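Read off the chains here:
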Amino acid sequence: MNVFEVLNAIRRENLVDFVALHPQLCADDGDTYLKTLTKDDQIEKLYVAGCDPAMQKKMYRDAFETSNFDRSKHVGVDIRNMTTEQAIEAIKNMIKNS
């Protein structure tokens, strides 16, 4: 999968306000990133394409609690082992169906 093409495809279609790439949100610096990103209550929805959405909810719980981010605003989709095109479609579907 070409992650940069995935980001560009979503960005080009203006489906979200911004896109970002983090190498590993499930690591300690991923927690720091999420705390910083969500601390000011400026995010209406946080879409995360990565691993299983149920696992995302567990891994990000502490970061969201620390920043007082409403966890119901987080929507995840699993894009592991997908092609670039499959990942783009999965993300588009996630956004349209949430």
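For the structure, check the block above.
Notes on the structure follow.

## So, the nonpolar core
The nonpolar side chains of soluble globular proteins are, as a tendency, buried together. Ranked by size, the top nonpolar core spans 12 residues in total: Val-6, Ala-9, Ile-10, Val-75, Val-77, Ile-79, Ala-87, Ile-88, Ala-90, Ile-91, Met-94 and Ile-95. At the level of elements, helix H1 (3-12), strand E2 (74-78) and helix H4 (84-96) are the ones that each hand at least two residues to this core. If one sorts the elements of this core by residue count, H4 sits on top with six residues. Those residues in contact with Val-75 that lie beyond four places of it in its chain are Lys-45, Leu-46, Tyr-47, Val-48, Met-94 and Ser-98. Core analysis: the next-biggest nonpolar cluster, separate from the first, contains nine residues, Ile-43, Leu-46, Tyr-60 and Phe-64 among them.

## A word on a nonpolar patch on the surface
Side chains of Met-1, Val-3, Phe-4 and Leu-21 sit close together on the surface and give an oily, nonpolar patch of about 380 Å² of accessible area. With respect to the element layout, Val-3 can be found in helix H1. Residue classification places Val-3 among the partly exposed positions, given a relative accessible area of 34%.

## Brief notes about helix H2 (residues 28-38)
Taken residue by residue, H2 has Gly-30, Asp-31, Leu-34 and Thr-38 as its buried positions. One side of H2 carries all its buried residues, which in axial view fall inside an arc of 100°. In this structure, the buried residues of H2 make contact with strand E1 (46-50) and helix H3 (53-67).

Conventions used here
- Residues numbered from 1 in each chain as written.
- Predicted model: local features only at pLDDT ≥ 70, side-chain atom pairs only at ≥ 80, totals over all residues.
- Heavy atoms only, no water.
- Core = buried A, V, L, I, M, F, W, Y, C linked by side-chain atoms within 4.5 Å.
- Buried < 20%, exposed > 50% of the residue type's maximum accessible area, 1.4 Å probe, protein only.
- Helix = DSSP H or I, 4+ residues; strand = E, 2+ residues; numbered from the N terminus.
- Contact = heavy atoms within 4.5 Å.
- Patch = residues over 30% accessible without salt bridge, like charges linked within 9 Å, V, L, I, M, F, W, Y side chains within 5 Å.
- Areas by Shrake-Rupley, 256 points an atom, 1.4 Å probe, with all protein chains shown as cover.
- Salt bridge = Lys/Arg side-chain N within 4 Å of Asp/Glu carboxyl O.
- Arc of directions from axis to C-beta.

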